[in-house]
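The lines below spell out each chain.
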Amino acid sequence: MGVVIPLEDSKNKQASVKPLVDLTAADMERVNQLILSKAGSDVQMIPEVANHLISSGGKRLRPMLTLASAAMFGYEGDAHVKLATSVEFMHTATLLHDDVVDESDLRRGKSTARTIWGNQASVLVGDFLLGQAFRMMVDVGSLDALDVLSTAASVIAEGEVLQLSVAKNMETTEDDYLQVIRAKTAALFAAAAEVGPIVAQTSKSDRNALKSYGMNLGLAFQLVDDVLDYGGSSSDLGKNVGDDFREGKITLPVILSYRRGTAEDRAFWREAIEGGDSSDANLDKALGLIKRYGGLSDTIARAQHYGTIARDALAPLPASPWKSALTEVIDFCIDRVS
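Sequence order sets the numbering: in each chain, residues are counted from 1 along the sequence as written. In keeping with the predicted nature of the model, local features appear solely for residues at pLDDT of at least 70, side-chain atom pairs appear and are counted solely at 80 or more, and the whole-chain, interface and lining totals rest on all residues. Excluded from the side-chain calculations are hydrogens and water; all other atoms, namely the structure's heavy atoms, are used.

As named in an unreviewed UniProt entry, the chain is Polyprenyl synthetase family protein, taken from Ensifer adhaerens. UniProt positions are given in the numbering used here, feature names are shortened, and annotations may be inferred rather than shown by experiment. Quoted straight from UniProt, the Cofactor (unreviewed entry) entry for the chain says "Mg(2+)". UniProt's Sequence similarities (unreviewed entry) comment on the chain is quoted here verbatim: "Belongs to the FPP/GGPP synthase family."

Shown next as structure tokens:
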């Protein structure tokens, strides 16, 4: 059972990530070559596990943000390529660790590394990629960039632990949840966008603009992912619809439905999420409650709100193809639910 939520401000032209892909294509080719090089190891299992996930078809949005946010300020060196690769390795390491914590079987439509090589290998290869990411940051020689990305790594880990602490707890508030996704997802978007202007040695205000853009884009991106888990399809998600429900994850559609529901509804949520009764019948009931109480449409409205903040963060910057492409990415992230 799926629920498709149309956007109220549906656009005639579907937003696309293609302008950003086209603008960063040459640099992304360099990033991809560096990824393959730095994922290599004499320990055979390391490149096997790393390449399984790296080659699985992700859009590589985060490293493209780093490339674009440097190029839009005229940067012409190669530090942004190393930092973009670092960002992708940080993201890949997080996915490897996430799948172990969440006991996930699918990632981007493929079996997760943990189901093929086991949990231990997934965790350790994730650690290897983090190590390689930090080596590349040091190679760049920018203490500011190293500070931003290392802080993000710490914040992401805090977000993971915080998510674990609120897992299957139906008393989790919207504020609690936003704190989780701000750390777990948005922090890396923010860091990816901020290090571009750092290596381009532009102004503090430009750096802050890109940081704010990335943070709010990341929040919008994650909220839309939350909607897709209950209102999308497996092809949209690259995982099974309802996986968040089966894993007992507390996401915003669930929080809103729980808090707006009757005492009977709340008892159902506690049984399903806290009690772990994630049968298909209960998933169908959960979908019905989420729809009844506006859980999906209001989560989309929250995503649109953060998208507007991201757009406003870029507004003072001079018009350019880079600015236009980054702005369209906001609409692309949100339009995934249209």
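There's plenty left to go through after this.
We now examine empty space enclosed by the protein. A 1.4 Å probe that fits but cannot get out identifies a cavity on a 1 Å grid over protein atoms alone, an open set with protein on both sides within 12 Å along at least five of seven lines counts as a pocket, and a residue lines either if it has an atom within 4 Å of a point. Grid points are joined across faces, edges and corners, and a volume is the space filled by probe spheres set on the points. Taken as a whole and judged by the stated rule, the model has one cavity of 30 Å³ or more. In terms of lining residues, the largest cavity is bounded by His52, Leu53, Ser56, Arg107, Lys110, Ser111, Thr112 and Ala113. A run of H or I in DSSP counts as a helix once it spans at least four residues, and a run of E counts as a strand once it spans at least two, with each numbered from the N terminus. The set of elements that each furnish at least two residues to the lining of the largest cavity consists of α2 (45–54) and β2 (110–111). Think of it as three bins: nonpolar holds Ala, Val, Leu, Ile, Met, Phe, Trp, Tyr, Cys and Pro, charged holds Asp, Glu, Lys and Arg, and polar takes everything else, Gly as well. Across the lining of the largest cavity, the residue classes tally to two nonpolar, four polar and two charged.

Here the chain averages 91 in pLDDT, while 93% of its residues score no lower than 70. The pLDDT score gives, residue by residue, the confidence of the prediction method on a 0 to 100 scale. Per-element mean pLDDT across the chain ranges from 50 in helix α10 (residues 234–237) up to 98 in helix α3 (residues 61–71). What makes two residues a contact is simply this: any of their non-hydrogen atoms within 4.5 Å. In this model, residues 1–11 is a region of pLDDT below 50 whose contacts with residues beyond four sequence positions or in other chains number 22 contacts.

Okay, the nonpolar core next. A general tendency of soluble globular proteins is for nonpolar side chains to be buried together. With 104 residues, the main nonpolar core has Leu20, Leu61, Leu65, Leu210, Tyr213, Trp269 and Leu326 as its most contacted residues. Those residues within four positions of Leu326 in sequence are excluded, and the remaining contacts are Leu20, Leu65, Ala68, Met72, Leu210, Tyr213 and Leu314. Here the nonpolar core consists of buried residues drawn from Ala, Val, Leu, Ile, Met, Phe, Trp, Tyr and Cys, with membership extended through side-chain atoms lying within 4.5 Å. The cut-offs for exposure are 20% and 50% of the maximum accessible area for each residue type, with area from a 1.4 Å probe on protein chains only; residues under the lower value are buried, those over the upper are exposed, and the others partly exposed.

Further remarks concern the environment of Arg107. By secondary structure assignment, the location of Arg107 is in strand β1 (residues 106–107). For Arg107, a relative accessible area of 21% gives the class partly exposed. A C-alpha to C-alpha distance of 8.4 Å links Arg107 and Ser56, two positions 51 residues apart in sequence.

At a minimum axis separation of 12 Å, α3 and helix α9 (residues 204–231) run at an interaxial angle of 160°. Comparing their axes, α9 and α3 come out roughly antiparallel. In this structure, the crossing between α3 and α9 has a hand that is right-handed. Along its contact with α3, which presents Leu61, Arg62, Leu65 and Ser69, the element α9 presents Leu210, Tyr213, Leu217 and Phe221. When grouped by side-chain class, the residues that make up the contact of α3 with α9 number six nonpolar, one polar and one charged. An axis is simply a line fitted to the C-alpha atoms; with a helix, the fit covers only the stretch in contact. Between two such axes, the angle follows the N-to-C directions and lies from 0 to 180 degrees. The scheme is simple: roughly parallel for angles under 35 degrees, roughly antiparallel for over 145, roughly perpendicular for 65 to 115, oblique for anything else. It is the rotation of the near helix from the far one that decides the hand of a crossing: anticlockwise by less than a right angle makes it left-handed, clockwise makes it right-handed.

This part is about the pattern of salt bridges. Throughout this description, the term salt bridge denotes a Lys or Arg side-chain nitrogen within 4 Å of a carboxyl oxygen of Asp or Glu. Enumeration according to the criterion identifies 16 salt bridges in this entry. Here Asp225 makes a salt bridge to Arg336, at a shortest N to O gap of 2.8 Å. One end of the pair, Asp225, is in helix α9; the other, Arg336, is in the segment after α16 (321–335), with 111 residues separating them in the sequence. Residue classification places Arg336 among the partly exposed positions, given a relative accessible area of 23%. In this structure, Asp331 engages Arg311 in a salt bridge whose closest nitrogen and oxygen atoms are separated by 2.5 Å.

A few words on the layout of surface pockets. Roughly 250 Å³ of volume is contained in the second largest pocket. Lining the second largest pocket are 13 residues, and of these Val101, Asp102, Ala167, Glu247 and Lys249 lie nearest its centre. For the lining of the second largest pocket, the secondary-structure elements that each account for two or more residues are α4 (79–102) and α7 (143–166). With three residues, α7 is the single largest residue contributor to the lining of the second largest pocket. When its residues are assigned to classes, the lining of the second largest pocket shows six nonpolar, one polar and six charged.

This part covers unusual backbone geometry. As a rule of thumb, non-glycine residues mostly have phi less than zero, and peptide bonds are mostly trans rather than cis. One non-glycine residue, Arg60, lies in the positive phi region at around 60°. Counting through the fold element by element, Arg60 comes out in the loop between α2 and α3. The backbone of Lys168 shows a phi angle near 60°, a positive value even though the residue is not glycine. Its place among the elements puts Lys168 in the loop between α7 and α8 (174–199).

Ring pairs are drawn from Phe, Tyr and Trp, using the six-membered ring of Trp, whenever the two centres fall within 6.5 Å, and their geometry is named by plane angle: stacked under 30 degrees, edge-to-face over 60, tilted for the rest. Counting across every chain of the model gives three aromatic pairs. A cation over an aromatic ring shows up here: Arg62 above the ring of Phe221, its NZ or CZ 5.5 Å from the ring centre. Charge-over-ring placement is defined geometrically: NZ (Lys) or CZ (Arg) within 6 Å of the ring centre, and within 35 degrees of the ring normal.

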